[in-house]
Amino acid sequence: FSITKALPNEQSWLLYSVDGLQPTFIRPLNIVINLKNPHIAAGPAMTNNDGDLQSILHIPSVQNPLDIWFQVVQQENVTNFTATQFIP
């Protein structure tokens, strides 16, 4: 995953959901995200001076197509979510 143009030199997390979208407040970061029942896929990891970060994730094998949503978060900063589908 490539994260670009986030806040520079900040801890960042890549979150995911397989349950869809729903506003969720994350109190420790003082943010509202779009993911329902979010989980941490990667992080915390520090963005570089440009606000960029690379994360390598293991993608699990699936028996059936699986919709999944991702969103990057930082302290008081949230990116747009993105959606994809894992296909067997």
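We now turn to the structure provided with this report. (Residues numbered from 1 in each chain as written. Predicted model: local features only at pLDDT ≥ 70, side-chain atom pairs only at ≥ 80, totals over all residues. Heavy atoms only, no water.)

Focus on the overall build of the protein
Helices and strands together make up the secondary structure of the protein, namely zero helices and nine strands. Starting at the N terminus, the α and β elements of the protein follow one another as β-β-β-β-β-β-β-β-β. Against the compact-globule benchmark of 12 Å for 88 residues, the protein has a radius of gyration of 13 Å, which places it among compact chains. Its C-alpha atoms give the protein principal-axis dimensions of roughly 40 × 25 × 15 Å. For the protein, the proportion of contacts with a sequence separation of at least 24, taken over those separated by at least 6, is 64%. (Helix = DSSP H or I, 4+ residues; strand = E, 2+ residues; numbered from the N terminus. Rg over C-alpha atoms; globule rule 2.2 N^0.38 Å. Contact = heavy atoms within 4.5 Å.)

Focus on unusual backbone geometry
The omega torsion of the bond from Gly-43 to Pro-44 falls at 5°, within 30 degrees of zero and hence cis. With respect to the element layout, Pro-44 can be found in strand β5 (residues 39-46). The backbone of Asn-9 sits at a positive phi, close to 55°, despite the residue not being glycine. Tracing the backbone shows Asn-9 in the loop between β1 (2-3) and β2 (11-17). Phi is positive for Asn-37, which is not a glycine, with a value near 50°. Position of Asn-37 relative to the elements: it lies in the loop between β4 (31-35) and β5.

Here's the deal with the nonpolar core
Within the largest apolar cluster, ten residues are counted, these being Ile-3, Ala-6, Leu-14, Ala-42, Leu-53, Val-62, Ile-68, Phe-70, Val-72 and Phe-86. For this core, the leading source of residues is strand β7 (residues 66-74), giving three residues. If we ignore the near neighbours within four places in the chain, the residues touching Ala-6 are Thr-47, Asp-50, Gly-51, Gln-74 and Asn-77. Counting nine residues, the second-largest nonpolar core is a separate cluster that includes Leu-15, Ile-33, Leu-35 and Trp-69. (Core = buried A, V, L, I, M, F, W, Y, C linked by side-chain atoms within 4.5 Å. Buried < 20%, exposed > 50% of the residue type's maximum accessible area, 1.4 Å probe, protein only.)

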